[in-house]
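Listed here are the chains, written in short residue letters.
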2 protein chains.
Amino acid sequence: MKTKILIADDHSMFADGIASILNEQENLEVIGKCIDGLSVEGFLENNEVDLILLDVNLPGKNGIEVCKDVLKVYPKIHILAISMHNQESYVSEILKNGAKGYILKNTGRDELLQAISSIQNGETFFSKDVTETIMRGLMNERKASNANIKLIPKITRREKEVLKLIVQEHTTQEIADKLYIALKTVESHRSSLLAKLNARNTAGLVRITIENKLLD
Amino acid sequence: MKTKILIADDHSMFADGIASILNEQENLEVIGKCIDGLSVEGFLENNEVDLILLDVNLPGKNGIEVCKDVLKVYPKIHILAISMHNQESYVSEILKNGAKGYILKNTGRDELLQAISSIQNGETFFSKDVTETIMRGLMNERKASNANIKLIPKITRREKEVLKLIVQEHTTQEIADKLYIALKTVESHRSSLLAKLNARNTAGLVRITIENKLLD
DNA sequence: GAAAAACCTAGGGTAAACCCTCAATTTTAA
DNA sequence: TTAAAATTGAGGGTTTACCCTAGGTTTTTC
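Only a predicted model underlies this, so the values are computations on that prediction, with no experimental measurement involved. (Residues numbered from 1 in each chain as written. Chains lettered and ligands numbered in written order. Predicted model: local features only at pLDDT ≥ 70, side-chain atom pairs only at ≥ 80, totals over all residues. Heavy atoms only, no water.)

Trainee: Pulling in residues and values, what's your account of the sheet that holds strand β6 (residues 125-126) of chain B?
Mentor: All names here are of chain B. Spatial ordering of the open sheet is given by β2-β1-β3-β4-β5-β6, a layout of 6 strands whose pairing is parallel. Two strands close off the open sheet at either side, each with one partner strand: β2 (28-34) and β6. Pairing of strand β1 (residues 3-8) with β2, which is carried by 6 bridges, proceeds in the parallel orientation. Bridge pairing in β2 links Ile-7 to Lys-33. (Pairing = 2+ DSSP bridges. Helix = DSSP H or I, 4+ residues; strand = E, 2+ residues; numbered from the N terminus.)

Trainee: I'd love a proper account of the protein's contact with DNA strand C, names of residues and values included.
Mentor: Neighbouring DNA strand C are 18 residues, the closest being Thr202(A), Thr156(B), Lys184(B), Thr185(B) and Ser188(B). Near the protein, meaning within 4 Å, the atoms of DNA strand C are sugar or phosphate in a fraction of 58%, with bases accounting for the rest. In the model, a phosphate oxygen of DNA strand C is placed 3.4 Å from a nitrogen or oxygen of the His189(B) side chain. The set of elements that each furnish at least two residues to the surface near DNA strand C consists of α9 (183-197) of chain A together with α7 (157-167) and α9 (183-197) of chain B. Grouping the constituent residues of the surface near DNA strand C by class yields 3 nonpolar, 8 polar and 7 charged. (Near = heavy atom within 4 Å. Polar contact = N/O pair within 3.5 Å; in protein donor to acceptor, adjacent residues only side chain to side chain. Nonpolar A, V, L, I, M, F, W, Y, C, P; charged D, E, K, R; others polar.)

Trainee: Could you give an account of the relation of the copies chain B and chain A, with specific residues and numbers?
Mentor: At an RMSD of 0.2 Å, chain B and chain A line up after a rotation of 180 degrees and a shift of 0.1 Å along the axis. In short, the pair behaves as if placed about a two-fold rotation axis. Taking the C-alpha atom as reference, chain B places Gly17(B) closest to the rotation axis, 1.7 Å from it. When the interface residues of chain B are mapped onto chain A, 100% of them are again interface residues, pointing to one common binding face. (Least-squares fit on C-alpha atoms with pLDDT ≥ 70 in both. Contact = heavy atoms within 4.5 Å.)

Trainee: Account for the interface of chain B and chain A, with residues named and values stated.
Mentor: The interface of chain B with chain A comprises 38 residues on the first partner and 38 residues on the second. Interface area, chain B with chain A, both sides summed: about 2900 Å², of which 61% is carbon and sulfur. Ranking the residues of chain B by area buried against chain A places Met13(B), Glu169(B) and Arg200(B) at the top, with a combined share of 28%. The interface formed by chain B and chain A contains 4 salt bridges. (Buried area = accessible area lost by both parts, 1.4 Å probe. Salt bridge = Lys/Arg side-chain N within 4 Å of Asp/Glu carboxyl O.)

Trainee: Describe the pattern of salt bridges, listing the residues and the values that go with them.
Mentor: Per the counting criterion, the structure on display carries 30 salt bridges over all chains. For Arg200(A), the salt bridge is made with Glu174(B), and the minimal N-O distance between the two is 2.5 Å. Here Arg200(A), found in the loop between α9 and α10 (202-211), pairs with Glu174(B), found in helix α8 (residues 172-179), and the two come from separate chains. Judged by relative accessible area, Glu174(B) falls into the partly exposed class, the value being 25%. Close ionic contact of Asp10(B) with Lys213(B) constitutes a salt bridge, the shortest N to O distance being 2.6 Å. Separated by 203 residues along the polypeptide, Asp10(B) in the loop between β1 and α1 (12-24) and Lys213(B) in the segment after α10 (202-211) bring together distant segments of the chain. Each of the salt bridges in this network shares a partner with another, and the network as a whole consists of Asp9(A), Asp55(A) and Lys105(A). (Buried < 20%, exposed > 50% of the residue type's maximum accessible area, 1.4 Å probe, protein only.)

Trainee: Describe the packing of aromatic side chains, and please don't skip the residues or the numbers.
Mentor: Per the stated rule, a full pass over the model turns up 1 aromatic pair over all chains. Ring centres 6.3 Å apart and planes at 5 degrees place the aromatic pair Phe14(A) and Phe14(B) in the stacked group. Placement of the pair is Phe14(A) in helix α1 (residues 12-24) and Phe14(B) in helix α1, with the two residues belonging to separate chains. With relative accessibility at 4%, the residue Phe14(B) sits in the buried group. The cationic tip of Lys105(A) hangs over the ring face of Phe14(A); the distance from NZ or CZ to the ring centre is 4.3 Å. (Phe/Tyr/Trp six-rings, centres within 6.5 Å; stacked < 30°, edge-to-face > 60°. Lys NZ or Arg CZ within 6 Å of the ring centre and 35° of its normal.)

See the structure below:
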């Protein structure tokens, strides 16, 4: 009986590549691919899945939320998180939500297969770098223990427009002119964005926006 | 005679996946992988390569520079650019430097194979989205024709330290305290960074830093 | 081993971002 | 259809970022 795998990643080429690797294995079978968070749950309604390879940074609905929601309904599914970012907040957050492992995209084929094998056996698996990151996080003993990822609140249509222009290096005045609204209005939206994204300044706004693909 | 392919991408898992797809084809053969720009030229000295799949955003030395330098020495090699970003500046810049095609990571397996096939036949190939981007760029008829990618000048040790702290949302004053230098000194470094990265403000600094992986 | 370049350091002045409070109108959802 | 959320905008102030200029120091380069 082959392990049925679903790949959730917004880069089709990456998903296809992984699928090719996995399908070479005689005990694994990729039965589906999803390019955003929302379509994962839809796929699960119509297909039986044993394991999900889940990108943490998915557009639409990020991997952390997907993980939480999927496991509520299908607690038997194993989830292996895949990410470009070795950030402690991502790792700890998705593990809290039930993922069985976390590997980075800069690790290779063999480690991927090893991770899947471990998880099939009910174990957990983490990339070496990820393990270090977690340890380092524990060492620092979390001054801001709860201040890791606040799952990002919903960003409104107008806020998104403003955010996009900020990332494109426009000043508040320029944004006001482009959107035909007052300077003060744009400042309001900026404030809301800083609060919602939990950023201290423009730098954080831009970094968080890119890392979480908020403009997709 | 199989086409000998080199894959240059800093995400091993992605490279391995692509390799798996390509090696399934009877006329293709992946003979090497590089995880940064600098090692490409070293590889070419010792191996005969027909085609390079080149990530545009490579750490160390980005794809655009690699493309230029490789073709100087090995003009017969075909280069297919691969990128996450559908940005006109990237596309036009790498094409000027001799790449034969440009595909996005969110396109799938079939398109990848088609692209390679086209390029083998001496044609060019672009993802549909990329074609649109180029066309749109031509329409706007380049007000800032030369202001696309200025290949990013070398960033000094101190600038890199400052840049890292900026991306981490620290203010100029905080950075000055951390580095034990004057506020004004940090501001100077900020100015140099704005100039070198061709950014208008902090937003641009952060975006360009992340997109070009300047902190790796 | 001296000239040239690159780097690090800073000052003064202006522009932009950020903060807090408050409130009217419009849109969305229960 | 009414309560909640979103959009709009104001006053008034503080902090931070950005621009231009420039001297001293290290590092190349010939």
